[in-house]
Each structure stands twice: as C-alpha cells, then as structure tokens.
Amino acid sequence: GRRNIAGMVIDYRKMPPNLWSVAVLHGDEQLMSQSAVFACYHFSFMYLSEQGYSSASLGFSRAFLNDGVLQFKMKFGFKLLFSTAKGFAIYPLRCSNALGDFLARQPFFYIDNRQLHLASFISDEQNSTFNLPSVLKKNKDGSLTSSQVFHVSEGGIKLSSSQIFE
C-alpha cells in the first residue's frame, strides 16, 4: 500500500506561511535523490494554493550563492522579503592569490540600503566560475538590484565591473 515517505512543517504564525522544515523517512538518501524533497515543496505549494494563499516563504538561507540549500530554493525563483542583522564582515589581513581563489568560489548576496546585491570575485589565478545569467533568470521579480564583480590580487581588491538592474 501507500506510505508516507516525506513531509513538510508549515508555520502559519506569520504571513505568508513559511515552509519551515522538510524531512524524509529515515533520512533515506535514495528517496532524496528521487526528488522526495522537491515533491514536498511542490505539494506544499499546491496545498497552500488550494487553501487560498498566493505565496509562501522558503525561510532563511545562507548568503553564499554556492550554498546547496540556497541553490535548491532558487529553483522556485526568489524575492527578498526581509533579512536580519545577523551576518559577517570580511576584512582580509593580506590580499593573496589564495584569498582570491577562495572568494572566486564564494559569490554571495548582501544587503545595502534595504536592497539586494550580488558580489562575485575573480582572481589572478583563475577565472570566476560564477554564471550571472543563471541567477538573473531566477530574478523574475527584480529583487536583485545590482551585481558587482571584484578583482582580487596581491595588490588588493578592486571593483572590476558593476551592473545595475532596473
């Protein structure tokens, strides 16, 4: 017969409802690879739509573009609804090729004046693997205000290019 293999906890305390937590039976990796998590999101969106909701929150994510959870959530499109003061500051003590290589693999979102921006990096040693057009396809509602590409070298970090989206 039928059995439940995955589920979603939906938090209705704030609007829109928050798809707060997803679980797969026994953490079964085979079920996850067969899209059980995606199915939870899909059916949760359908359920909320049937209940009269026009949107849902996917919750918080790390700011790093290469984060797996953020990549998964971006499949559904994104709009920044709010952020918190929690964050980080990066102050390099010494600019080096190693720092450039690290940052080139870690593009991230940041907020300035309540607007969402994207920072990516290129180094002397390698070209950035960052693919801006794939992010822009997910930016259907215009949440992303700008994208900056920074060049990192032993001489410092300098703005290489900037693109403003309207």
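First things first, this report covers the structure right here in the doc. Here the residue index of a chain counts from 1 through its sequence in written order. Residue-level local features of this predicted model are given only where pLDDT is at least 70; pairs of side-chain atoms are given and counted only at 80 or more, and the full residue set underlies all totals for whole chains, interfaces and linings. Side-chain figures throughout are based on the complete set of non-hydrogen atoms in the structure, without hydrogens or water.

**Some details on helix α4 (residues 97-104)**
Burial classes: relative accessible area under 20% of the type maximum marks a residue as buried, over 50% as exposed, and values in between as partly exposed (1.4 Å probe, protein chains only). Where helices and strands are cited, they refer to DSSP runs of H or I of at least four residues and of E of at least two residues respectively, numbered from the N terminus. Among the residues of α4, Leu99, Gly100, Asp101, Leu103 and Ala104 are the ones counted as buried. Check the buried side of α4 and you find it contacts β4 (115-123), β5 (144-153) and β6 (156-164). Residue contacts are counted whenever heavy atoms from the two residues lie within 4.5 Å of one another.

**As for the pairing of β6**
We call two strands paired when DSSP finds no fewer than two bridges between them. Note: β5 against β6, 8 bridges, orientation antiparallel. Residue Phe150 lies in a different strand from β6, and its bridge partner there is Leu159. Hairpin connection between β5 and β6: a loop of 2 residues separates the two successive antiparallel strands.

**Focus on helix α2 (residues 36-50)**
Given a helix with a known number of residues, its expected span is that number minus one, times 1.5 Å. The end-to-end C-alpha distance of α2, which contains 15 residues, comes to 21 Å, matching closely the 21 Å that a straight helix rising 1.5 Å per residue would cover. Next to the buried residues of α2 lie β1 (6-11), β2 (18-24), α1 (29-33) and α3 (68-74). Of the residues trailing α2, Gly52 is marked for its positive phi of about 100°.

**Structural notes on the packing of aromatic side chains**
Paired rings are identified among Phe, Tyr and Trp, the last through its six-membered ring, by centres lying within 6.5 Å, and are further divided according to the angle between planes into stacked (under 30 degrees), edge-to-face (over 60) and tilted (the rest). Applying the stated criterion across every chain yields a total of 7 aromatic pairs. An angle of 45° between the planes, with centres 6.5 Å apart, marks the rings of Tyr41 and Phe45 as tilted. Placement of both Tyr41 and Phe45 in helix α2 is noted, with a separation of 4 residues, approximately one turn of the helix. For Tyr41, a relative accessible area of 7% gives the class buried. Residue classification places Phe45 among the partly exposed positions, given a relative accessible area of 28%.

**Some points on the environment of Asp112**
One can find Asp112 in strand β3 (residues 108-112). With relative accessibility at 40%, the residue Asp112 sits in the partly exposed group.

**Some thoughts on the nonpolar core**
Looking at soluble globular proteins, one finds that nonpolar side chains tend to be buried together. The term nonpolar core refers to a set of buried residues drawn from Ala, Val, Leu, Ile, Met, Phe, Trp, Tyr and Cys, joined through side-chain atoms within 4.5 Å. Core analysis: the largest hydrophobic core is formed by 12 residues, namely Met8, Ile10, Leu19, Val24, Leu31, Ala36, Val37, Cys40, Tyr41, Leu48, Leu58 and Phe72. Going through the elements one at a time, β1, β2 and α2 are the ones with two or more residues in this core. The element best represented in this core is α2, accounting for 5 residues. Filtering out sequence-adjacent residues up to four positions away, Leu58 remains in contact with Asn18, Leu19, Tyr41, Phe45, Lys73 and Phe76.

**Topic: a nonpolar patch on the surface**
Note that patches include only residues with greater than 30% relative accessible area and no salt bridge, and the join distances are 9 Å for like charges and 5 Å for nonpolar side chains (Val, Leu, Ile, Met, Phe, Trp, Tyr). Computed with the Shrake-Rupley method and a 1.4 Å probe, the accessible areas treat only the protein chains shown as cover for residues. Salt bridges, as used here, are contacts in which a Lys or Arg side-chain nitrogen is within 4 Å of a carboxyl oxygen on Asp or Glu. Together, Tyr12, Met15 and Tyr47 give the surface a local cluster of nonpolar side chains, amounting to about 310 Å² of exposed area. Looking at the element boundaries, Met15 is found in the loop between β1 and β2.

**A look at the pattern of salt bridges**
Applying the stated criterion across every chain yields a total of 1 salt bridge. Taking the shortest distance from any N to any O, the salt bridge between Asp11 and Arg13 comes out at 2.9 Å. On the accessibility criterion, Asp11 (18% relative accessible area) is buried.

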